[in-house]
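# Fold and contact review
Residue-level listing of the chains:
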Amino acid sequence: MYRSGAVMAWNVFRFCTALRGLGSIMILLVMGVVGVTYYAIVLTNYGPSLASSGGLLDAFIAFLVLVIFHCLLVMLLWCYFSVVFTDPGSVPPNWRPELDEERGEADPLTASEFGASPADSGNPRIRFCRKCNQLKPPRCHHCSVCGRCVLKMDHHCVWVVNCVGALNYKYFLLFLFYTFLETTVVTLSLLPQFIAFFSDGEIPGTPGTLATTFLAFVLNLAFALSVLGFLIMHISLVAGNTTTIEAYEKKTSPKWRYDLGRKRNFEQVFGMDKRYWFIPAYSEEDLRRIPALHGLEYPSKPDLDAQE
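The sections below set out a description of the structure shown in this document. (Residues numbered from 1 in each chain as written. Predicted model: local features only at pLDDT ≥ 70, side-chain atom pairs only at ≥ 80, totals over all residues. Heavy atoms only, no water.)

### Let's talk about the packing of aromatic side chains
Taken as a whole and judged by the stated rule, the model has 16 aromatic pairs. Taking 5.2 Å as the distance between ring centres and 75° as the angle between the ring planes, the aromatic pair formed by Tyr80 and Phe81 counts as edge-to-face. On the accessibility criterion, Tyr80 (0% relative accessible area) is buried. On the basis of relative accessibility, which here comes to 28%, the residue Phe81 falls in the partly exposed class. The interplanar angle of 50° and the centroid separation of 5.1 Å between the aromatic rings of Tyr80 and Phe175 together place this pair among those described as tilted. Pair noted here: Tyr80 is in helix α3 (residues 56–85) and Phe175 is in helix α5 (residues 169–196), with a separation of 95 residues, a long-range link. (Phe/Tyr/Trp six-rings, centres within 6.5 Å; stacked < 30°, edge-to-face > 60°. Buried < 20%, exposed > 50% of the residue type's maximum accessible area, 1.4 Å probe, protein only. Helix = DSSP H or I, 4+ residues; strand = E, 2+ residues; numbered from the N terminus.)

### Observations regarding a nonpolar patch on the surface
Together, Leu57, Phe60, Ile61, Leu64 and Ile68 give the surface a local cluster of nonpolar side chains, amounting to about 470 Å² of exposed area. The residue Leu57 is located in helix α3 in this model. (Patch = residues over 30% accessible without salt bridge, like charges linked within 9 Å, V, L, I, M, F, W, Y side chains within 5 Å. Areas by Shrake-Rupley, 256 points an atom, 1.4 Å probe, with all protein chains shown as cover. Salt bridge = Lys/Arg side-chain N within 4 Å of Asp/Glu carboxyl O.)

### Some thoughts on the environment of Lys301
Inspection of the secondary structure assignment puts Lys301 in the loop between α9 (284–289) and α10 (302–307). Separated by 42 residues in the primary sequence, Lys301 and Asp259 place their C-alpha atoms 7.1 Å from one another. Setting aside residues no more than four positions away along its own chain, Lys301 makes contact with Trp256, Arg257, Asp259 and Leu260. (Contact = heavy atoms within 4.5 Å.)

### Quick notes on the pattern of salt bridges
All told, the structure shown has 7 salt bridges when counted by the stated rule. The salt bridge involving Glu246 is made with Arg139; its shortest N-O contact spans 2.8 Å. Here Arg139 lies in the loop between β2 (134–135) and β3 (141–143) and Glu246 lies in helix α7 (residues 244–249), a separation of 107 residues in the sequence. Since its relative accessible area comes to 1%, Arg139 is described here as buried. With a shortest N-O distance of 2.4 Å, Glu285 and Arg288 are connected by a salt bridge.

### So, unusual backbone geometry
Its identity is not glycine, yet Asn133 carries a phi of approximately 60°, on the positive side. On the basis of relative accessibility, which here comes to 59%, the residue Asn133 falls in the exposed class. The residue Lys152 is not glycine, and still its phi comes out positive at about 45°. Within the fold, Lys152 resides in the loop between β4 (148–150) and β5 (155–157).

### As for the nonpolar core
Within the largest apolar cluster, 43 residues are counted, with the highest numbers of intra-cluster contacts made by Tyr80, Val160, Tyr169, Phe172, Phe175 and Tyr178. Broken down by secondary-structure element, the contributors of at least two residues to this core are α2 (24–51), α3, β1 (128–129), α5, α6 (207–239) and α8 (262–270). Per element, the largest residue contribution to this core is 8 residues, and it comes from α5. Those residues in contact with Phe175, other than ones at most four positions away along the chain, are Leu76, Cys79, Tyr80, Val83 and Val160. (Core = buried A, V, L, I, M, F, W, Y, C linked by side-chain atoms within 4.5 Å.)

Just distances and angles here, no functional claims.
In structure tokens:
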């Protein structure tokens, strides 16, 4: 049993190592999908409709679609590159815990408990990463793709070529949110043209523009459906103040010490300032009064602390 587990872990690490080779290819792929979609919506269909001398209603619909499309596209790209270029959170050099937060203990850790080598101390109150050769803060996990420990790591996302952790999790959620809205708008906007492909009437446009429209519809429909599933999953994770990794680790535990209630759980990710909820940024006030946004300290339930 142990041997099979070791083999599985070895195979996973080989796969994780291979993911590093993707690099900017995934970013180029995302930009390619955006480019195809932009060409189909703006240059092929609704841009010409707005410029043509058609009816007032058609021009208004085209204008409305183009405004919504560009607004959502700006937000999508802003959130996307915020996830790509924001460090998810690294363990500060020479960081040491004051107490064992993850086990819910209130007794401070003493210098003698660390010893000369924390890795060999065998103290269960000290979390140590043997791969990084450093202490681990609460809710911190090692990423085999990045090759380092990440604060409140959720997962490594190949689409953003980065880990999703404490410092960019909100940006990732907003990226999913705006991607779902954008792809849904595009799918609905191109639905009449898609239906026309299967009608007997003549379809205006060149074979190239028709193929681009068809491809854009299929791609955006596929992304809308898949992203919706991820969005629902992460909404449930935020509501329980947990991550993808933690949800797997605590699947047999009925209580979670970091679950503070839906409102406070939401604030631990998005902050308390409503003006910043839908943009990839935090107010200075939220950064000052919510330690969880920095990824090193997390409030927990006092009753569960007392039980443990």
